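Each chain, letter by letter, is given below.
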Amino acid sequence: MKRSDGDYVSAIVLAAGTASRYGEAKQLLSWHGTPLVRHVVDTAAASDVDAMLVVIGNERERVRAALAGSMATIVENPDYADGQSTSLQHGLREIPAETSAIVMLVGDQPGITSTHIDRVVSAWRATRAPIVQAAFEGVPSHPTLFSIDLLAELLRVTGDEGARGVVQRYRDTRVLVEMNEPAPPDIDAPDDYHRALGGTS
């Protein structure tokens, strides 16, 4: 724990999915010699968050092994096949009681940096907006931060869209933090992976 002053920020990394479009567990792809999920978790650990949880499901034993020794609290989602919302809910139920805001991250965006996370957290601490979201050349993206005031709404989400509906409901009051750079790629297919690696594996 780093804080007890009402600024306590917990990060949740969603890394439980089946990656049905990719064809294998993206969480375990090598990212410059490190499993992708471990890279994302280590990046979040280097940021200005106070606690971190990673939700696992698909290939959970191998993913757990990849996270051995990290600072993350591992949360298992036995319902991961029912969509991203189930991972969100399992993670939210395990956040520390002192949490004032939650940063959502996904396990297939290795281009998100600790600086991106820090800028979003800093903007929330300055504005106390219900939602603070990174924007890349005007396009909202991860990381996305939610005030704890939205916890009840987040726990009601369903299906595979995660928190998108909640973001849309608060789009007029959210704060966007422009990063002034191209968006980090999502890794949805093998071609995305090889492009993100610069053609190497």
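Structure: above.
Conventions and cut-offs
- Counting of residues starts from 1 at the beginning of each chain's written sequence and follows it residue by residue.
- Where local features are concerned, this predicted model is filtered to residues with pLDDT of at least 70; where side-chain atom pairs are given and counted, the filter is 80 or more; whole-chain, interface and lining totals use all residues.
- Remark: hydrogens and water are excluded; side-chain values derive from all non-hydrogen atoms of the structure.
- A cavity, in this analysis, means grid points on a 1 Å lattice covering only the protein atoms where a 1.4 Å probe fits yet has no way out; a pocket is instead an open set bounded by protein on both sides within 12 Å along at least five of seven lines, and a residue lines either one if it has an atom within 4 Å of a point.
- Grid points are joined across faces, edges and corners, and a volume is the space filled by probe spheres set on the points.
- A run of H or I in DSSP becomes a helix once it reaches four residues, and a run of E becomes a strand once it reaches two; helices and strands are each numbered from the N terminus.
- Three classes are used, and their members are as follows: Ala, Val, Leu, Ile, Met, Phe, Trp, Tyr, Cys and Pro are nonpolar, Asp, Glu, Lys and Arg are charged, and the others, Gly among them, are polar.
- Think of it this way: DSSP has to see at least two bridges between two strands before they count as a pair.
- Note on definitions: angles span 0 to 180 degrees between N-to-C directions of axes, and those axes are lines fitted to C-alpha atoms, for helices only across the stretch in contact.
- Relative accessible area decides the class of each residue, using a 1.4 Å probe on protein chains only: under 20% of the type maximum gives buried, over 50% gives exposed, and in between gives partly exposed.
- Viewed with both strands pointing away, a crossover whose connecting path from the first strand over the helix to the second turns clockwise is right-handed.

Q: Describe empty space enclosed by the protein, listing the residues and the values that go with them.
A: The tally for this structure, following the rule as stated, stands at 1 cavity of 30 Å³ or more. The calculated volume of the largest cavity comes to roughly 60 Å³. Every residue along the wall of the largest cavity is listed here: Val40, Thr43, Leu105, Val106, Gln109, Ile112 and Ile117. Where the lining of the largest cavity is concerned, the elements lending two or more residues are helix H1 (36-45) and strand S6 (101-106). Taken together, the residues that form the lining of the largest cavity break down as 5 nonpolar, 2 polar and no charged.

Q: Go over the sheet that holds strand S7 (residues 131-136), please, and point to the residues and values.
A: Strand order in the open sheet formed by 7 strands is S5-S4-S1-S6-S8-S7-S9, with mixed pairing between adjacent strands. Edge positions in the sheet fall to strand S5 (73-76) and strand S9 (175-178), since each has one partner strand and no second. Looking at each pair of strands side by side, their axes are set apart by 25° on average, direction ignored. As defined by bridge partners, S7 adjoins strand S8 (residues 139-147) across 6 bridges and the pair is classed as antiparallel. Opposite Ile131, over in S8, you have Phe146 as the bridge partner.

Q: Now, about the pairing of strand S4 (residues 51-56): what can you tell me, with residues and values included?
A: With 6 of 6 residues buried, S4 is to be regarded as a mostly interior element. Across the two faces of S4 the burial is the same, with Ala51, Leu53 and Val55 and Met52, Val54 and Ile56 all buried. Both strand S1 (residues 9-15) and S4 contribute to a ladder of 6 bridges, which runs parallel. From the neighbouring strand, Ser10 faces S4, where its bridge partner is Ala51. Relative to S5, S4 runs parallel, the two being bridged by 4 bridges. Directly across from Val55, in S5, lies its bridge partner Val75. Following the chain from S4 across helix H2 (residues 60-66) to the adjacent parallel S5, one finds a crossover that is right-handed.

Q: Which residues make up H1, and what values do they have?
A: Within H1, 7 of the 10 residues are buried, which leaves the element mostly enclosed by the surrounding structure. Here H1 has its buried residues at Leu36, Val37, Arg38, Val40, Val41, Thr43 and Ala44.

Q: An account of the layout of surface pockets is requested, with residue identities and associated values reported.
A: Within this model, the largest pocket holds a volume of roughly 1200 Å³. Around the largest pocket sit 40 residues that line it, and Gln84, Val106, Asp108, Asp160 and Arg164 are the ones nearest its centre. Of all the secondary-structure elements, those providing two or more residues to the lining of the largest pocket are S1, helix H3 (84-92), S6, S8 and helix H6 (164-169). At 5 residues, S8 tops the list of elements feeding residues into the lining of the largest pocket. A class-by-class count of the residues in the lining of the largest pocket yields 16 nonpolar, 15 polar and 9 charged.

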